[in-house]
Amino acid sequence: ARTALVGGTDGLVIFVRHLYWCLALAASAVCFLALKRYVRKPAALAAAVLPLAFVPFATPSLNYNTMGALLFTIGAMAGAASLKSRFLGVWSVGHVVSLSLASVAYPTIIVPSAAAIVVTAVCHARSKTFGRFLWPAGVTAIIVAICAVALAARFVRLRDVFESLD
(Lines give C-alpha, C1' and ligand atoms only; values in the text may rest on other atoms or scores of the structure.)
Protein backbone atom coordinates (compact mmCIF):
# COMPACT_ATOMS: atom_id res chain seq x y z
CA ALA A 1 0.00 0.00 0.00
CA ARG A 2 2.82 2.38 0.88
CA THR A 3 4.66 1.68 -2.37
CA ALA A 4 1.52 2.50 -4.37
CA LEU A 5 1.06 5.75 -2.46
CA VAL A 6 4.62 7.03 -2.59
CA GLY A 7 6.14 5.14 -5.49
CA GLY A 8 9.05 3.57 -3.61
CA THR A 9 10.15 1.84 -0.46
CA ASP A 10 11.87 4.84 1.12
CA GLY A 11 10.58 5.34 4.63
CA LEU A 12 8.86 1.98 4.82
CA VAL A 13 10.04 1.27 8.37
CA ILE A 14 8.76 4.60 9.70
CA PHE A 15 5.46 4.05 7.85
CA VAL A 16 4.96 0.68 9.59
CA ARG A 17 5.80 2.32 12.92
CA HIS A 18 3.16 4.95 12.26
CA LEU A 19 0.67 2.15 11.60
CA TYR A 20 1.68 0.57 14.91
CA TRP A 21 1.08 3.81 16.79
CA CYS A 22 -2.33 4.18 15.11
CA LEU A 23 -3.29 0.70 16.33
CA ALA A 24 -1.91 1.46 19.80
CA LEU A 25 -3.91 4.72 19.90
CA ALA A 26 -7.02 2.81 18.88
CA ALA A 27 -6.40 0.32 21.70
CA SER A 28 -5.94 3.16 24.16
CA ALA A 29 -9.13 4.87 23.00
CA VAL A 30 -11.16 1.67 23.32
CA CYS A 31 -9.64 1.04 26.76
CA PHE A 32 -10.65 4.52 27.91
CA LEU A 33 -14.16 4.27 26.46
CA ALA A 34 -14.70 0.87 28.09
CA LEU A 35 -13.14 1.59 31.46
CA LYS A 36 -14.89 4.91 32.01
CA ARG A 37 -18.08 2.89 32.43
CA TYR A 38 -16.57 1.11 35.44
CA VAL A 39 -14.22 3.60 37.12
CA ARG A 40 -13.76 7.36 37.27
CA LYS A 41 -12.39 9.07 34.17
CA PRO A 42 -8.91 9.87 35.60
CA ALA A 43 -8.40 6.21 36.54
CA ALA A 44 -9.69 5.09 33.12
CA LEU A 45 -7.31 7.52 31.42
CA ALA A 46 -4.36 6.25 33.48
CA ALA A 47 -5.15 2.65 32.52
CA ALA A 48 -5.73 3.59 28.88
CA VAL A 49 -2.15 4.83 28.59
CA LEU A 50 -0.81 1.30 29.07
CA PRO A 51 -1.24 0.13 25.44
CA LEU A 52 0.85 3.14 24.40
CA ALA A 53 3.49 2.69 27.08
CA PHE A 54 4.01 -1.05 26.71
CA VAL A 55 5.61 -2.13 23.43
CA PRO A 56 5.97 -5.92 23.14
CA PHE A 57 9.63 -6.91 22.76
CA ALA A 58 10.50 -3.21 22.28
CA THR A 59 9.58 -3.35 18.60
CA PRO A 60 7.09 -0.59 17.72
CA SER A 61 6.17 -2.24 14.45
CA LEU A 62 3.27 -4.27 13.16
CA ASN A 63 4.18 -7.90 13.72
CA TYR A 64 2.32 -10.90 15.06
CA ASN A 65 3.25 -10.08 18.67
CA THR A 66 2.12 -6.47 18.66
CA MET A 67 -0.97 -7.01 16.51
CA GLY A 68 -2.08 -9.98 18.60
CA ALA A 69 -1.62 -8.09 21.87
CA LEU A 70 -3.27 -4.87 20.74
CA LEU A 71 -6.17 -6.52 18.92
CA PHE A 72 -6.82 -8.79 21.91
CA THR A 73 -6.82 -5.71 24.15
CA ILE A 74 -9.30 -3.97 21.85
CA GLY A 75 -11.51 -7.08 21.78
CA ALA A 76 -11.48 -7.62 25.52
CA MET A 77 -12.24 -3.97 26.22
CA ALA A 78 -15.02 -3.90 23.59
CA GLY A 79 -16.55 -6.92 25.32
CA ALA A 80 -16.39 -5.15 28.67
CA ALA A 81 -17.93 -2.02 27.15
CA SER A 82 -20.77 -4.05 25.63
CA LEU A 83 -21.87 -5.04 29.13
CA LYS A 84 -22.68 -1.45 30.12
CA SER A 85 -23.46 0.34 26.88
CA ARG A 86 -26.55 1.44 25.02
CA PHE A 87 -24.66 0.67 21.79
CA LEU A 88 -24.51 -3.04 22.47
CA GLY A 89 -24.43 -4.08 18.82
CA VAL A 90 -21.46 -1.89 17.89
CA TRP A 91 -19.40 -3.07 20.86
CA SER A 92 -20.40 -6.71 20.26
CA VAL A 93 -19.29 -6.59 16.63
CA GLY A 94 -16.04 -4.87 17.63
CA HIS A 95 -15.54 -7.52 20.30
CA VAL A 96 -15.87 -10.47 17.92
CA VAL A 97 -14.06 -8.88 14.96
CA SER A 98 -11.00 -7.71 16.89
CA LEU A 99 -10.67 -11.03 18.75
CA SER A 100 -10.93 -12.83 15.41
CA LEU A 101 -8.27 -10.59 13.88
CA ALA A 102 -6.07 -11.17 16.93
CA SER A 103 -6.42 -14.91 16.34
CA VAL A 104 -5.39 -14.48 12.72
CA ALA A 105 -2.37 -12.36 13.67
CA TYR A 106 -1.31 -14.64 16.54
CA PRO A 107 -2.93 -18.08 16.07
CA THR A 108 -2.32 -19.40 19.60
CA ILE A 109 -4.45 -16.57 21.00
CA ILE A 110 -7.55 -18.30 19.61
CA VAL A 111 -8.16 -20.11 22.92
CA PRO A 112 -8.20 -16.96 25.10
CA SER A 113 -10.21 -15.17 22.39
CA ALA A 114 -12.86 -17.89 22.39
CA ALA A 115 -12.87 -17.84 26.20
CA ALA A 116 -13.37 -14.06 26.19
CA ILE A 117 -16.34 -14.38 23.83
CA VAL A 118 -17.88 -17.14 25.99
CA VAL A 119 -17.36 -15.15 29.20
CA THR A 120 -18.92 -12.06 27.63
CA ALA A 121 -21.87 -14.12 26.40
CA VAL A 122 -22.36 -15.62 29.89
CA CYS A 123 -22.25 -12.15 31.45
CA HIS A 124 -24.87 -10.97 28.97
CA ALA A 125 -27.01 -14.02 29.74
CA ARG A 126 -26.92 -13.15 33.44
CA SER A 127 -27.86 -9.53 32.79
CA LYS A 128 -30.78 -10.37 30.48
CA THR A 129 -29.15 -8.73 27.44
CA PHE A 130 -28.11 -12.02 25.85
CA GLY A 131 -30.50 -11.72 22.91
CA ARG A 132 -29.29 -8.22 22.12
CA PHE A 133 -25.66 -9.42 22.36
CA LEU A 134 -26.14 -12.68 20.50
CA TRP A 135 -27.63 -11.24 17.33
CA PRO A 136 -24.74 -8.90 16.30
CA ALA A 137 -22.03 -11.10 17.82
CA GLY A 138 -23.47 -14.28 16.29
CA VAL A 139 -23.91 -12.78 12.84
CA THR A 140 -20.40 -11.35 12.98
CA ALA A 141 -18.97 -14.70 14.11
CA ILE A 142 -20.72 -16.47 11.22
CA ILE A 143 -19.40 -13.92 8.71
CA VAL A 144 -15.88 -14.21 10.15
CA ALA A 145 -16.08 -18.03 9.97
CA ILE A 146 -17.24 -17.91 6.34
CA CYS A 147 -14.40 -15.51 5.46
CA ALA A 148 -11.89 -17.73 7.27
CA VAL A 149 -13.07 -20.80 5.35
CA ALA A 150 -12.95 -18.88 2.05
CA LEU A 151 -9.47 -17.58 2.87
CA ALA A 152 -8.27 -21.05 3.86
CA ALA A 153 -9.69 -22.50 0.64
CA ARG A 154 -7.90 -19.79 -1.33
CA PHE A 155 -4.57 -20.60 0.37
CA VAL A 156 -5.04 -24.33 -0.19
CA ARG A 157 -5.74 -23.68 -3.86
CA LEU A 158 -2.72 -21.38 -4.08
CA ARG A 159 -0.55 -24.04 -2.43
CA ASP A 160 -1.75 -26.60 -4.99
CA VAL A 161 -0.74 -24.21 -7.78
CA PHE A 162 2.76 -23.81 -6.34
CA GLU A 163 3.13 -27.57 -5.81
CA SER A 164 2.14 -28.25 -9.40
CA LEU A 165 4.98 -25.97 -10.57
CA ASP A 166 7.61 -28.26 -9.04
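Residues numbered from 1 in each chain as written. Predicted model: local features only at pLDDT ≥ 70, side-chain atom pairs only at ≥ 80, totals over all residues. Heavy atoms only, no water.

Trainee: Would you explain the overall build of the chain in this entry?
Mentor: Regarding its fold elements, the chain presents 8 helices and 0 strands. Classification of the 166 residues of the chain by burial places 30% in the buried group. The long-range share in the chain, meaning contacts at least 24 apart out of those at least 6 apart in sequence, stands at 64%. Carbon and sulfur atoms form 74% of the exposed surface of the chain, whose accessible area is close to 10,400 Å². (Helix = DSSP H or I, 4+ residues; strand = E, 2+ residues; numbered from the N terminus. Buried < 20%, exposed > 50% of the residue type's maximum accessible area, 1.4 Å probe, protein only. Contact = heavy atoms within 4.5 Å. Areas by Shrake-Rupley, 256 points an atom, 1.4 Å probe, with all protein chains shown as cover.)

Trainee: Please explain the packing of helix 5 (residues 64–83) against helix 6 (residues 88–105) as it appears in this structure.
Mentor: In a pair of packed helices, the angle between the axes and the distance between the axes together describe the arrangement. It is the contact of helix 5 with helix 6, at a shortest axis distance of 7 Å, that shows an interaxial angle of 160°. In terms of orientation, helix 5 and helix 6 fall into the roughly antiparallel class. The two elements helix 5 and helix 6 cross, and the hand of that crossing is left-handed. In this structure, helix 5 uses Tyr64, Met67, Gly68, Leu71, Phe72, Ile74, Gly75, Ala76, Ala78, Gly79, Ala81 and Ser82 to contact helix 6, whose residues at the interface are Leu88, Trp91, Ser92, Gly94, His95, Ser98, Leu99, Leu101, Ala102 and Ala105. When grouped by side-chain class, the residues that make up the contact of helix 5 with helix 6 number 14 nonpolar, 8 polar and no charged. (Axes fitted to C-alpha atoms, helices over the stretch in contact; angles between N-to-C directions. Parallel < 35°, antiparallel > 145°, perpendicular 65-115°, else oblique. Left-handed = near helix turned anticlockwise from the far one by under 90°. Nonpolar A, V, L, I, M, F, W, Y, C, P; charged D, E, K, R; others polar.)

Trainee: For this particular structure, what's the right way to read helix 7 (residues 110–126)?
Mentor: An α-helical segment advances 3.6 residues per turn. Residues three or four places apart therefore align on the same side. Taking 1.5 Å of rise per residue, 17 residues should cover 24 Å, and helix 7 covers 24 Å from first to last C-alpha, within 8% of that figure. Considered for burial, the residues of helix 7 that qualify are Ser113, Ala116, Thr120, Ala121 and His124. Seen end-on, helix 7 carries its buried residues on one side only, within an arc spanning 130°. For helix 7, exposure combined with an orientation more than 90 degrees from the buried face picks out Val111, Val118, Val119 and Arg126. In the segment just after helix 7, Lys128 is the residue with positive phi, at about 65°. (Expected span 1.5 Å × (residues − 1). Arc of directions from axis to C-beta.)

Trainee: Looking at this model, I keep getting lost on helix 5. Mind explaining?
Mentor: For helix 5, which comprises 20 residues, the first-to-last C-alpha distance of 29 Å matches the rise-based estimate of 28 Å (1.5 Å per residue) to within 8%. Two to three positions downstream of the cap, the backbone nitrogen of Asn65 sits 3.0 Å from a side-chain oxygen, assigning the N-cap of helix 5 to Asn63. (Polar contact = N/O pair within 3.5 Å; in protein donor to acceptor, adjacent residues only side chain to side chain.)

Trainee: I tried to follow the nonpolar core on my own but got confused; where do I start?
Mentor: Here is a general trend for soluble globular proteins: nonpolar side chains tend to be buried in one another's company. Judged by nonpolar contacts, the single largest core of 18 residues is most densely connected at Tyr20, Leu23, Val30, Leu70, Ile74, Met77 and Trp91. Contributing elements (two or more residues each) for this core: helix 2 (12–35), helix 5 and helix 6. Ranked by residues supplied to this core, first place goes to helix 2 with 7 residues. With residues near it in sequence (within four places) discarded, Leu70 still touches Tyr20, Leu23, Ala24, Ala27 and Pro51. (Core = buried A, V, L, I, M, F, W, Y, C linked by side-chain atoms within 4.5 Å.)

Trainee: It is not clear to me how the environment of Thr3 should be interpreted in this structure. Could you clarify?
Mentor: Following the sequence through the fold, Thr3 ends up in helix 1 (residues 2–6). Apart from the residues lying within four places of it in its own chain, the contact partners of Thr3 are Gly8 and Thr9.

Trainee: Which parts of the structure should I look at to understand the packing of aromatic side chains?
Mentor: Two measures describe an aromatic ring pair: the distance that separates the ring centres and the angle between the ring planes. Tallied over the entire structure, the rule returns 2 aromatic pairs. Ring geometry for Tyr20 against Trp21: centres 5.0 Å apart, planes inclined by 75°, an arrangement best described as edge-to-face. Taking 5.6 Å as the distance between ring centres and 25° as the angle between the ring planes, the aromatic pair formed by Tyr64 and Tyr106 counts as stacked. Pair noted here: Tyr64 is in helix 5 and Tyr106 is in the loop between helix 6 and helix 7, with a separation of 42 residues, a long-range link. (Phe/Tyr/Trp six-rings, centres within 6.5 Å; stacked < 30°, edge-to-face > 60°.)

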